[in-house]
Amino acid sequence: MALRAQARVNLAASERNAAALKARLAPGVELCAVVKARASGHGAVPVARAALAGGATRLAVATAGEALELRDAGLRAPVLVLGALSSEELPVALAAGAEVVAWTEGFVDGLARAVAAAEDVGDAPVDVHVKLDTGMGRLGTRSVAEALAVADRLCARGSAMRLAGAMTHFATADGDPEFFAAQLMAFGSFAGQLREAVGPASPLTVHAANSAATVRDPASHFDMVRCGIALHGCDPMNADPDDWGLEPALELSTYVAAVKLALPGESAGYGRRFISDRTTWLATLPIGYADGVRRDLSDDCDVLIAGRRYPLVGRVSMDNVTVDLGPEPRVEVGEVAILIGRSGAERQTVEDLARRLDTINHEVLCGISDRVTRRYHRDGEPV
Ligand SMILES: *Cc1c(COP(=O)(O)O)cnc(C)c1O
């Protein structure tokens, strides 16, 4: 049955993407599946399971609440919360048994207090990753000395916390190669110092690479890579996922709810932005900006129906869009219409839409709203 707006996610593709990423890594290097923001709209829990089946051994999210959601679903793999945690959010992260990121000594002290105050936390120490800001300019300390002091403080704080890793994040993994190389160099040097300081008795997981760095430069892999967008089969470089052997996992579709003839001078949609200059057939598709089809795509998007490509015409409205089918009535009510995905030989990728919107694939995916029904399958077999 067609639904007014649905996102079909092929978990077999997610699994193969994880395996393809894992295959790029040297033996022993771990793949951490980043499933923040509901795995960019794909669904955190199903994508996490698929990634683990494909060779990921760890998970990461942005928030404490996201970590708890994975635990509540029964996932047992280590979960790292990448984002900042306020004192209000820390107990949630601890309840989830999550690993956390630190870059100030004050945070370590606060974490120690939160661990002491937590009732539902087991005996296992909280794993903490020290973050050095090598150029992203957001979270982390810019000072190697402070990062080393944070690591020291963690070790001195006894058994409630454990120094588990060291990390940084690249600002230009998909761009400026010189800045990327400088960040990589700075982080490599810090990681070496830290390993020396803590000694072989406490093994560290050193990690820096997101999807773009992972496909770009094996020197950025260290002990683990953190991949999000590539798991979904999208191109970390925002061009074409085929370039990296990645398989888009998500298809966004709707159906033809109405077909009508427009005579010259007749219009469709708000503001009469589209006025036909000929006799043509119009299809109305029940999907709109409340579903994540951005209004900026008005007059600037294609829709695939039965293997053919048609232009979206007029304004994208909240719940509907219109498509110009041309003078031949080739399309019938009820036919499936694809916004993201394939139809016959035609394909429209997330990157195609991102380019039209002057944004990146992440934002297009995160914009697919809750109103869009998610359906899961494995290569066509419902799960
Ligand atoms: C989101 C995020 C990632 C994953 O980035 P992708 O581009 O989706 O691979 C990795 N590391 C950190 C710190 C992040 O915030």
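Residues numbered from 1 in each chain as written. Predicted model: local features only at pLDDT ≥ 70, side-chain atom pairs only at ≥ 80, totals over all residues. Heavy atoms only, no water.

S.K.: Explain the pattern of salt bridges to me, please; I cannot follow it from the model alone.
M.R.: Opposite charge on two side chains makes pairing possible when the charged atoms of those side chains draw close. Using the criterion set out here, one finds 27 salt bridges in the structure. Taking the shortest distance from any N to any O, the salt bridge between E99 and R58 comes out at 3.5 Å. A residue pair is termed long-range when its members are at least 10 positions apart, and E99 in the loop between α5 (90-95) and β5 (100-102) and R58 in strand β3 (residues 58-61) qualify at 41 residues. E99 gets classed as buried once you look at its relative accessible area, which sits at 9%. Linked by salt bridges that have partners in common, D300, D302, R309, E346 and R356 make up one network. (Salt bridge = Lys/Arg side-chain N within 4 Å of Asp/Glu carboxyl O. Helix = DSSP H or I, 4+ residues; strand = E, 2+ residues; numbered from the N terminus. Buried < 20%, exposed > 50% of the residue type's maximum accessible area, 1.4 Å probe, protein only.)

S.K.: In this structure, what is going on with the packing of aromatic side chains? I would like to understand it.
M.R.: How two aromatic rings sit relative to each other is set out by the distance from centre to centre and by the angle between their planes. Scanning the entire structure with this criterion turns up 3 aromatic pairs. Ring geometry for F187 versus F190: centroids 6.2 Å apart, planes at 45°, classification tilted. Taken as a pair, F187 and F190 lie in helix α8 (residues 177-198) at a separation of 3 residues, close to a single helical turn. An identical accessibility class is assigned to F187 and F190; each is buried. The interplanar angle of 85° and the centroid separation of 5.2 Å between the aromatic rings of F187 and F222 together place this pair among those described as edge-to-face. A residue pair is termed long-range when its members are at least 10 positions apart, and F187 in helix α8 and F222 in the loop between α9 (211-216) and β9 (224-227) qualify at 35 residues. F222 sits in the partly exposed class, given a relative accessible area of 24%. Taken together through their ring pairs, the aromatic side chains of F187, F190 and F222 make up a single cluster. One residue, R216, lies across the ring of F180, its end atom 5.0 Å from the ring centre. (Phe/Tyr/Trp six-rings, centres within 6.5 Å; stacked < 30°, edge-to-face > 60°. Lys NZ or Arg CZ within 6 Å of the ring centre and 35° of its normal.)

S.K.: Would you explain the domain arrangement of the protein chain in this entry?
M.R.: The parts lose accessible area when they come together, and the size of an interface is often stated as this lost area. With domains assigned, the protein chain is organised as domain 1 (11-235) and domain 2 (250-382). For domain 1 versus domain 2, the separation of C-alpha centres amounts to 38 Å. Carbon and sulfur atoms make up 51% of the area that domain 1 and domain 2 hide from each other, which totals about 1300 Å². Considering only the side of domain 1, the residues that lose the most area to domain 2 are L11, H42 and I229, jointly responsible for 34% of the buried surface there. Inspection of the domain 1/domain 2 interface yields 3 salt bridges. Across the pair R16 and D379 runs a salt bridge, and its minimum N-O distance is 2.7 Å. Between the two partners, domain 1 and domain 2, sit 8 residue pairs in polar contact (both at pLDDT 80 or more). When residues of the side of domain 1 that touches domain 2 are traced back to their parent elements, those giving at least two are α1 (11-23) and α2 (36-41). Here the side of domain 1 that touches domain 2 is built from residues that sort into 6 nonpolar, 4 polar and 4 charged. (Domains from an automatic or database assignment. Buried area = accessible area lost by both parts, 1.4 Å probe. Polar contact = N/O pair within 3.5 Å; in protein donor to acceptor, adjacent residues only side chain to side chain. Nonpolar A, V, L, I, M, F, W, Y, C, P; charged D, E, K, R; others polar.)

S.K.: What exactly am I supposed to notice about helix α4 (residues 64-72) here?
M.R.: Side chains three or four residues apart in an α-helix point the same way, a direct result of the helix having 3.6 residues per turn. For α4, the complete set of buried residues consists of A64, E66, A67, L70 and R71. Axial view of α4: buried residues confined to an arc of 165°, hence all on one face. The first or second residue beyond α4 is G74, which carries a positive phi of 95°. (Arc of directions from axis to C-beta.)

S.K.: Before we go on, may I ask you to explain the site of the ligand in this structure?
M.R.: Close contacts around the ligand come from V34, K36, L82, H169, N210, S211, R226, C227, G228, I229 and H362, and that covers them all. Note that an oxygen atom of the ligand is positioned 2.9 Å from one of the backbone N or O atoms of G228. Burial of the ligand by the protein chains amounts to 90% of its free accessible area of 390 Å². (Near = heavy atom within 4 Å. Areas by Shrake-Rupley, 256 points an atom, 1.4 Å probe, with all protein chains shown as cover.)

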